[in-house]
Amino acid sequence: MTPSRPAEPILHVDMDAFYASVEALRDPALAGRPVLVGGLGGRGVVASASYEARVYGIHSAMPMARALRLCPQAVVVSPDFAAYQDVSQRLRELFLSVTPLVEPLSLDEAFLDVGGSERLFGPPEVIGALLRDRIRGELGLPASVGVAPNKHLAKLCSGKAKPEGLLHLRAGEVAAFLGRLPIRDLWGVGEQTAARLERFGLRTVADVAGTAGPTLVRIVGHAAAAQLASLAVGEDRRPVVPYEPAKGMSTEETFDRDVDDPAVLRRELLRLAETIARRLRRGEVAARTLTLKIRYANFATVTRSRTLALPTDHATELHAESAALLDALRLERVRVRLLGLGVANLVPAGAARQLRLLDDDRWQQVERAADVARNRFGDAAVTRAALLDDG
Amino acid sequence: MKFRAERSEFADAVMWAQRTVGDRATLPALSGIKLRVDGDRLFLASTNLEIDSALSVPVQGERDGAVLVLGKLLADVVRTLPNAAVTAEVTADVLHLTCGRAQFDLRLMPVEDFPALKEPSADGAVAVMKAEEFARTVAQVARSASTDDARPVLTGVNLEATAGSLTAVATDSYRLAMRTVPWDQGADTTVLVPRRAMEQARHAAEILGSEVSLLLEPAQVTFSFSDRRLVTRLIEGKFPDVRQLIPAGFERRLTVDRAELMEVVKRVAVVGDSNTSVTPVTLHLSADTVLVKAGSGEIGQAEEALPGALEGEDLQIAFNPRYLADGLDAAGSERVVLEFRDELKPAVLRPAPADAEAGPASSRPEADFLYLLMPVRV
């Protein structure tokens, strides 16, 4: 460690109401209105709610039906993960412009270790503010930033800074800051752990910090007690682990109603294959292994994999292969709740490509042309006839 | 049922029948081999519902009868038997095997559950081929068939019979192998035979020698050997029209020593070998030299040159080394001719006519083999 390393080198950058904000950016008419991103179907949940919607008590993971009862005038938008991924990619590039130590947690949040960036960009809180301003200026989106001595505290700070704020927690103020917080704010404390702690009168982080080790062990067990005790005093030694290229990708669909029609399953597979193939092409990789995942109505889940002779980034081929795996299961009127398709064994696509004698790569060209059209005119611009709604 | 058999003959018959034993999951009886003694012959049968195998071996029969035993278990047992005569006797629901001082009791399965096997029609016109030529043809062609069930028609070998010739073709869409042999049966028929059935028939032809007779029918094909028979179901669907894929001409032609090129390709390809992707080998062709290169800066690189005579302009073309080596291996001749248009068009590989005996096609057994190979775009 260099002597000049700052005391609070860790940033946690978290986008505010990410999906909803992206949607508002794409359709300015949505700005300032309660926006819910998520599925409208029977089992749809809120994936993201704008701040205007949160006023009504709506939060993510809430069933859509309930959210709409709370705020009937909310605008519901179905999620467009490809668009979010695009923004996420640009976000990541922005992060990487200030430090190589970027650990993404999801599409819209990441830890950054800017301990080595001070001479180039200034102290961490300045870098944090710079990132927030650049995200607003370059992506047109709101983000909140936590600046703290470690990951756990940085994440707490960004949460307290929302919306579009920055909270810098100095090393000397950790105890005072943490002490007041409810135990629920600690990493890894869920409903059950919280309830158990509260039964012993432990409500704030300070209460936990002041509890003797053996007592804590009796309440929550060995492993959790050790973690809880160090988090309660603001200790967290986990380093920021930089992003590694994806080893695989997957997508899945939970049906509104269980499906037992093989034709519908095959069609859904085509949709999943399209999604995966686009993501492969966007990432300029091709996959050699594909995995079909099926969850039956009774929640039993099976997966079937196949490794191809040659890697592909080709929806038609992914569909044919996954449909063969589906056929091999010989489902006869079995009710299926969820269908998923994943790929792994990724290789750079730009490299050598084995040409074919048959079908002349025509589908491949069609798919690439469709990519171009969708990138320019939006996702609905081009689709397969098989995926058009009936009627 | 009771019989006495030679260990090696019995073991060989069981192993062969075991190759087409079915999958226990679908129907338990399919995982069995049916043994039937009739006089001094033991008949064995197995089926996986795609291929039916039947054969008979001479035994000393003492009591007629038929039983069904678990194929894998029986095969595992006979594989380990000492080299002595085998005595088999059924008592109640057990097959009792004795060989030297070894004794086995194998539980029987209900023989009445074993399905009836497909029968060739009695009046069908049968064509006869030399076993050696049949085995060679299958070996040359079948490996180009696809192993990918997503496109079932490509997992088979297409047999096209016309007056005087039989053409066998297989392709996995990356390469294609085609062989034409004389055929002594006149009727025009085309059948698409599962690759595994062809391999099983080849195996029989190789160990038995002599002759194989083929009966092509609309729904099944029968391969018969002296004491063995295979009846296979066909793959449904239309095999692609492959003749239109074969280029009519060429712009460059390379003549090169087959074994030498194969050795160089395999050696150089080692640096490109990786689990996740196939790294191509690139052939740099000039007037009298073939330079074979593979690899990248990341793993390592290799190159090796060998003599080769090129007609036409210099060319750089890349191939999957496995597909190229497969084609060279299948060609079998001393030298091969490779015809190219450009680096993105299919190449044609043929055995080169031997200089000494450049006679009519019928006197050159390899001249009717063709291997079509798609390049890799780099």
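Think of each chain on its own: its residues are numbered from 1, step by step along the sequence as written. Chains carry letters from A onward and ligands carry numbers from 1 onward, assigned in written order. Totals for whole chains, interfaces and linings use every residue, but because this is a predicted model, local features are given only for residues with pLDDT of at least 70 and side-chain atom pairs only at 80 or more, for both listing and counting. Side-chain metrics rest on all non-hydrogen atoms present in the structure, leaving aside hydrogens and water.

Some thoughts on the overall build of chain B
In this text, helices come from DSSP runs of H or I with a minimum length of four residues, and strands from runs of E with a minimum of two, each type numbered from the N-terminal end. When helices and strands are counted, chain B shows six helices and 27 strands. Burial classification: accessible surface area is computed with a 1.4 Å probe over protein chains only, and a residue below 20% of its type maximum counts as buried, one above 50% as exposed, and the rest as partly exposed. Across the 378 residues of chain B, 49% fall into the buried class. We call two residues contacting when some pair of their heavy atoms lies within 4.5 Å. Summarising the internal contacts of chain B: among those between residues at least 6 apart in sequence, 68% fall at separations of at least 24. Only carbon and sulfur atoms are counted for the fraction: they give 49% of the accessible area of chain B, which is about 17,000 Å². The Shrake-Rupley method, run with a 1.4 Å probe, gives the accessible areas here. Residue values count only the displayed protein chains as cover.

Observations concerning the overall build of chain A
Per the secondary structure count, chain A includes 15 helices and 13 strands. Put simply, chain A has 391 residues, and 46% of those count as buried. Of the contacts made within chain A by residues no fewer than 6 positions apart, 66% connect residues no fewer than 24 positions apart. A total accessible area of about 19,300 Å² is found for chain A, and carbon and sulfur atoms account for 53% of it.

Overview of the confidence of the model for chain B
Residue and element names in this part refer to chain B. In predicted models, pLDDT denotes the confidence assigned by the predictor to each residue on a 0 to 100 scale. Mean pLDDT over chain B: 89, with 93% of residues reaching 70 or higher. In this model residues 358-366 is a low-confidence stretch, pLDDT under 50, and it forms ten contacts with partners more than four residues away in sequence or in other chains. The ipTM assigned to the predicted complex is 0.77, against a pTM of 0.64.

A closer look at the sheet that holds strand β2 (residues 35-38) of chain A
All names here are of chain A. Read across the sheet, three strands follow the order β3-β2-β4 without closing on themselves; strand pairing throughout is mixed. Strands with a single pairing partner mark the edges of an open sheet, and in this sheet they are β3 (46-49) and β4 (75-77). Here the average twist between neighbouring strands, direction ignored, is 30 degrees. Here, a strand pair is defined by DSSP locating no fewer than two bridges between the strands. Pairing of β2 with β4, which is carried by three bridges, proceeds in the parallel orientation. Each bridged residue has a counterpart across the sheet, and for Val35 the counterpart in β4 is Val75. Geometry is summarised by axes, namely lines fitted to C-alpha atoms with helices restricted to the contacting stretch, and by angles between N-to-C directions that run from 0 to 180 degrees.

Let's talk about the sheet that holds strand β10 (residues 285-296) of chain A
Residues and elements named next belong to chain A. Reading across the sheet, the four strands line up as β9-β12-β10-β11 and stay open at both edges, with antiparallel pairing between neighbours. Of all the strands in the sheet, just β9 (248-259) and β11 (301-312) have a single pairing partner and so form its edges. On average, each strand axis in the sheet is inclined to that of its neighbour by 15 degrees, with strand direction left out of account. Bridge analysis of β10 against strand β12 (residues 336-348) gives eleven bridges, and the strand direction is antiparallel. Its bridge partner being in β12, Lys293 is matched across the sheet by Gly340.

Comments concerning the side chain of Glu317(A)
With respect to the helices and strands, Glu317(A) occurs in helix α14 (residues 315-328). Take Glu317(A): its relative accessible area is 15%, and that puts it in the buried class. Reaching out from Glu317(A), the side chain makes a polar contact with the side chain of Thr312(A) at a distance of 3.1 Å. Those residues in contact with Glu317(A) that lie beyond four places of it in its chain are Leu308(A), Thr312(A), Arg356(A) and Tyr174(B). A 3.5 Å cut-off defines polar contacts: any pair of N or O atoms within that distance qualifies, except that in protein one atom must be a possible hydrogen donor and the other a possible acceptor, and neighbouring residues in sequence count only when both atoms are side-chain atoms.

What to know about the nonpolar core
Think of a nonpolar core as a cluster: buried Ala, Val, Leu, Ile, Met, Phe, Trp, Tyr and Cys residues, connected wherever their side-chain atoms sit within 4.5 Å. Counting residues in hydrophobic clusters, the biggest one holds 102 residues, and the most contacted among them are Leu35(B), Leu44(B), Leu95(B), Phe134(B), Phe223(B) and Val292(B). In this view, Phe223(B) contacts Phe134(B), Val193(B), Met198(B), Ala201(B), Val212(B), Ser213(B), Leu214(B), Arg228(B), Arg229(B), Leu230(B) and Thr232(B); residues no more than four positions away in its chain are not counted. Core analysis: the next-biggest nonpolar cluster, separate from the first, contains 33 residues, Ala20(A), Leu30(A), Val75(A) and Phe95(A) among them.

With respect to the interface of chain B and chain A
Tallying the contact residues gives 28 residues for chain B and 20 residues for chain A. The rule for a salt bridge is simple: a side-chain nitrogen of Lys or Arg has to be within 4 Å of a carboxyl oxygen of Asp or Glu. Where chain B meets chain A, there are one salt bridge. A salt bridge links Arg306(A) to Asp148(B); the shortest N-O distance between them is 3.4 Å. Viewed at the interface, chain A and chain B are joined by six residue pairs in polar contact (both at pLDDT 80 or more). Looking at the side of chain B that touches chain A, the elements that each hand over two or more residues are β13 (175-182) and β27 (376-377) of chain B. Here the residues of the side of chain B that touches chain A sort into 16 nonpolar, seven polar and five charged. Bridge count for strand β13 (residues 353-354) of chain A against β27(B) is two bridges, and the pairing is antiparallel. Each bridged residue has a counterpart across the sheet, and for Arg353(A) the counterpart in β27(B) is Arg377(B). By the convention adopted, Pro, Cys, Tyr, Trp, Phe, Met, Ile, Leu, Val and Ala count as nonpolar, Lys, Arg, Asp and Glu as charged, and the other residues, Gly among them, as polar.

Focus: the pattern of salt bridges
Counted by the stated rule, this structure contains 51 salt bridges over all chains. Salt bridges sharing common partners tie together Arg143(B), Asp172(B), Arg175(B), Asp326(B) and Asp329(B).

Brief notes about the environment of Pro58(B)
Residue and element names in this part refer to chain B. Residue position: Pro58 is located in strand β4 (residues 51-58). A residue is classified by how much of its surface remains accessible, and Pro58, at 39% relative accessible area, is partly exposed. Considering only alpha carbons, one finds Pro58 and Arg41, 17 residues apart in sequence, at a separation of 4.6 Å. Apart from the residues lying within four places of it in its own chain, the contact partners of Pro58 are Glu9, Asp40 and Arg41.

What about helix α11 (residues 213-220) of chain A?
Residue and element names in this part refer to chain A. All of the buried residues in α11 are Leu216, Ile219 and Val220. Seen from one end, α11 has its buried residues packed into an arc of 70 degrees, which puts them on one side. Among the exposed residues of α11, those oriented more than 90 degrees off its buried face are Pro214 and Arg218. In the core, the buried residues of α11 are packed alongside α9 (191-199), α10 (205-209) and α12 (222-232). Following α11 by one or two positions, Gly221 has its phi on the positive side, about 90 degrees. Working definition: the arc comes from the directions between the helix axis and the C-beta atoms, pointing outward to the latter.

Description of the pairing of strand β20 (residues 289-296) of chain B
Residues and elements named next belong to chain B. Sheet topology note: the strand β19 (residues 281-286)/β20 ladder contains six bridges and is antiparallel. Bridging across to β20, Val281 finds its partner in Ala294. Linkage of β19 to β20, two consecutive antiparallel strands, is achieved through a turn of two residues. Where β20 and strand β21 (residues 300-307) come together, eight bridges link them in antiparallel fashion. Bridging across to β21, Ala294 finds its partner in Ala302.

What to know about a nonpolar patch on the surface
Residues and elements named next belong to chain A. Each patch is built from residues lacking any salt bridge and having more than 30% relative accessible area; the joining distance is 9 Å for like charges and 5 Å for nonpolar side chains (Val, Leu, Ile, Met, Phe, Trp, Tyr). A cluster of nonpolar residues, Val55, Tyr56 and Leu70, forms a patch on the protein surface that exposes about 290 Å² of accessible area. Here Leu70 shows up in helix α3 (residues 64-70). By relative accessible area, which is 37% here, Leu70 ends up partly exposed.

What about the packing of helix α4 (residues 81-96) of chain A against helix α6 (residues 124-139) of chain A?
Residue and element names in this part refer to chain A. It is at 11 Å that the axes of α4 and α6 come closest, and there the two elements cross at 140 degrees. Taken together, α4 and α6 sit at an angle that is classed as oblique. Our pair here, α4 against α6, has a crossing hand that is right-handed. Across from Val87, Arg90, Leu91, Leu94 and Phe95 in α4, the residues of α6 making contact are Leu131, Arg134, Ile135, Glu138 and Leu139. Residue classes in the contact of α4 with α6 are distributed as seven nonpolar, no polar and three charged. For this classification, under 35 degrees means roughly parallel, over 145 means roughly antiparallel, 65 to 115 means roughly perpendicular, and everything else is oblique. The crossing is said to be left-handed when, going from far helix to near helix, the turn is anticlockwise and less than a right angle, and right-handed when the turn is clockwise.

Comments concerning the packing of aromatic side chains
Whether two aromatic rings pair depends on their centres lying within 6.5 Å, for rings of Phe, Tyr and Trp, where Trp uses its six-membered ring; planes under 30 degrees apart make the pair stacked, over 60 edge-to-face, and the rest tilted. Within the structure shown, the criterion is met by ten aromatic pairs over all chains. With a centroid separation of 5.6 Å and an interplanar angle of 90 degrees, the aromatic rings of Tyr19(A) and Phe81(A) are classed as edge-to-face. Here Tyr19(A), found in helix α1 (residues 18-26), pairs with Phe81(A), found in helix α4; they are 62 residues apart in sequence, far enough to count as distant. We classify Tyr19(A) as buried; its relative accessible area is 16%. Judged by relative accessible area, Phe81(A) falls into the partly exposed class, the value being 43%. Between Phe81(A) and Tyr84(A), the aromatic rings sit 5.8 Å apart at their centres with planes inclined by 85 degrees, giving edge-to-face as the arrangement. Here Tyr84(A) and Phe81(A) lie together in helix α4, a separation of three residues that amounts to about one turn. Site record: aromatic cluster; members linked through ring pairs are Phe18(A), Tyr19(A), Phe81(A) and Tyr84(A). In this structure, Arg228(B) packs its charged tip against the face of Trp16(B), placed 5.1 Å from the ring centre. Cation placement over rings: the criterion is NZ of Lys or CZ of Arg within 6 Å of the ring centroid and within 35° of the ring normal.

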